[in-house]
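# Report on the structure
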Amino acid sequence: MDPDGLACGLQITTTGPTSIEKASGESVKLDCQFTLAPEDAGPLDIEWTLQPSDNQKDEKVVIVYSGDRAFSEYYPPIIGRVHFNSPDPKNGDASMNIMGLKAIDTGTYQCKVKKVPGINSRKFLLTVMVRPSKPRCYADGPTLMGKDMMLRCNSADGTQPLKYTWERITGNKLLPPTAVLDPVGGTMSLRNATETASGVYRCVAKNNVGTEECSVEVSVTPAPNTAGIIAGAVISVLLALILLALILFCCCRARQKKRYEKEISYEIREDVPPPKSRVSTARSFTSVGSQRSSLGSMSPSNLHEYTKPQYDKIPSEENDRPPSHAPIPPPSRMAGSNLSRMGGPNLNRMGAIPVMIPAQNKDGSIV
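Residues numbered from 1 in each chain as written. Predicted model: local features only at pLDDT ≥ 70, side-chain atom pairs only at ≥ 80, totals over all residues. Heavy atoms only, no water.

The name recorded for the chain in an unreviewed UniProt entry is Coxsackievirus and adenovirus receptor-like protein, from Triplophysa tibetana.

Next comes the structure, spelled out in structure tokens:
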């Protein structure tokens, strides 16, 4: 009995590897050649199945040859991409081809050939690997002289295990002596970097089905003067505080000066007497004229000296002058003879109060 079979009649003659690795997008041929014995007289049946990774699940039929016909519409993820290698498998070639491989095609496939009483099978482990995507290279952190520096390389896609290698492609093309490489993590560390570490570095990401690469330019520069930066920052802050204090001082002085000017203006206004009203001055002269008229009416003999046109001139002339320049008649000019001329005895006899009348010229002006 064959170690892979169940009977000694039908034999699978393929001797190639049973573990196959392919890149996604490629095609694969799972080889399954067989021979029949004279006693194998029954109908020929060929069946390819995908074995489940979990024993609790059932196997999935991929393609079948039975009754001289091939049937491939069983497993939806692979429909249209699978077919027998030979147009007539009964001639001893039960190999299966899968086109356009995908990651989901990874699994264990079994080729089973049956022609009663003979039956035999063979298993293949297919691993569909994804090529590394183009990695990204960059310097992690500042690249300063005297400081530790790290270069990183990372490929987002790709079937593990991925392996990373670094090389220098400018200058002497030798990595710095302090470089420490991590082929799994994709990093390269440089301790106590110097200016000689400047250059262009290339990273290559590789797995069993492909490679991709990227490059990064590194420029190691002198470290900045930290003490000078701190001193400059402190001086800037002090100058800003001084400027702020000066602005506040000027504002306070301006406010005090404005308040002082207001107080001085209030004191000046309190010392200045209010101006006399021109209306009140006019009224005073009008009242004097009315008194003259009333006194003149009591003495008919003096009516010709105090006619109405004479009194009409007094208010108009005085109203044209400012109140501060209104003439004040001297008391010495108030002659008592005028009282007697206007009928002083008559006034006393009538009980009237004597009034001092300023002397006037014939044209009505006050003397």
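### What to know about the overall build of the chain
Regarding its fold elements, the chain presents five helices and 18 strands. Burial analysis of the chain (367 residues in total) assigns 32% to the buried set. If you take every contact in the chain between residues at least 6 apart in sequence, the share linking residues at least 24 apart comes to 59%. A total accessible area of about 23100 Å² is found for the chain, and carbon and sulfur atoms account for 57% of it. (Helix = DSSP H or I, 4+ residues; strand = E, 2+ residues; numbered from the N terminus. Buried < 20%, exposed > 50% of the residue type's maximum accessible area, 1.4 Å probe, protein only. Contact = heavy atoms within 4.5 Å. Areas by Shrake-Rupley, 256 points an atom, 1.4 Å probe, with all protein chains shown as cover.)

### Describing the UniProt feature "transmembrane region" (unreviewed entry) in the chain
In this numbering, the UniProt entry assigns the feature "transmembrane region" (unreviewed entry) to residues 229-252. The span residues 229-252 carries 100% helix and 0% strand; its end-to-end C-alpha distance comes to 35 Å. (UniProt positions renumbered as here; feature names shortened; annotations may be inferred.)

### Some remarks on the packing of aromatic side chains
Here the structure, examined in full by the defined rule, presents two aromatic pairs. Ring centres of Tyr 65 and Phe 84 lie 6.2 Å apart, and the angle between their planes is 85°; on these two criteria the pair is classed as edge-to-face. With a gap of 19 residues between them, Tyr 65 in strand β6 (residues 60-66) and Phe 84 in strand β8 (residues 82-84) connect regions that are remote in the sequence. Since its relative accessible area comes to 4%, Tyr 65 is described here as buried. Above the plane of the ring of Tyr 138 lies Arg 136, whose end atom (NZ or CZ) is 4.1 Å from the centre. (Phe/Tyr/Trp six-rings, centres within 6.5 Å; stacked < 30°, edge-to-face > 60°. Lys NZ or Arg CZ within 6 Å of the ring centre and 35° of its normal.)

### Some details on the sheet that holds strand β10 (residues 107-115)
Hydrogen bonding along the main chain pairs the strands of a sheet, whether they run parallel or antiparallel. Strand order in the open sheet made by the six strands is β2-β11-β10-β5-β6-β7, with mixed pairing throughout. Where the open sheet ends on each side, the last strands, each with one partner, are β2 (19-23) and β7 (69-71). Taken pair by pair, the neighbouring strands of this sheet meet at an average axis angle of 20°, ignoring direction. Bridge analysis of β6 against β7 gives three bridges, and the strand direction is antiparallel. Bridged to Tyr 65 within β7 is Ala 70. (Pairing = 2+ DSSP bridges. Axes fitted to C-alpha atoms, helices over the stretch in contact; angles between N-to-C directions.)

### Things to note about the pairing of strand β18 (residues 210-218)
Bridging between strand β17 (residues 199-207) and β18 involves nine bridges; their strand directions are antiparallel. Its bridge partner being in β18, Val 204 is matched across the sheet by Glu 213.

### Quick look at the confidence of the model for the chain
As a note on interpretation, predicted positions should not be read in detail where pLDDT is low. Here the chain shows a mean pLDDT of 77. Residues at 70 or above account for 68%. Contacts of residues 1-7 to residues separated by more than four positions or lying in other chains number 13 contacts, the stretch itself having pLDDT below 50. Confidence over residues 331-352 falls short of pLDDT 50; this stretch has 26 contacts with residues more than four positions distant or in other chains. (pLDDT = per-residue confidence, 0-100.)

### Some details on a nonpolar patch on the surface
Residues Ile 230, Val 234, Val 237, Leu 238 and Leu 241 make up a contiguous nonpolar surface patch of roughly 460 Å² in combined accessible area. Tracing the backbone shows Val 234 in helix α1 (residues 226-271). (Patch = residues over 30% accessible without salt bridge, like charges linked within 9 Å, V, L, I, M, F, W, Y side chains within 5 Å. Salt bridge = Lys/Arg side-chain N within 4 Å of Asp/Glu carboxyl O.)

### A few points about unusual backbone geometry
The omega angle of the peptide bond from Val 116 to Pro 117 is 5°, so this bond is cis rather than trans. Mapping Pro 117 onto the fold places it in the loop between β10 and β11 (118-129). In this chain, Gln 160 is followed by Pro 161 through a cis amide linkage whose omega measures 5°. One non-glycine residue with positive phi stands out, namely Asp 68, at about 65°. Not every positive phi belongs to a glycine, and Asn 192 is a case in point at roughly 50°. Relative to the helices and strands, Asn 192 is located in the loop between β16 (187-190) and β17.

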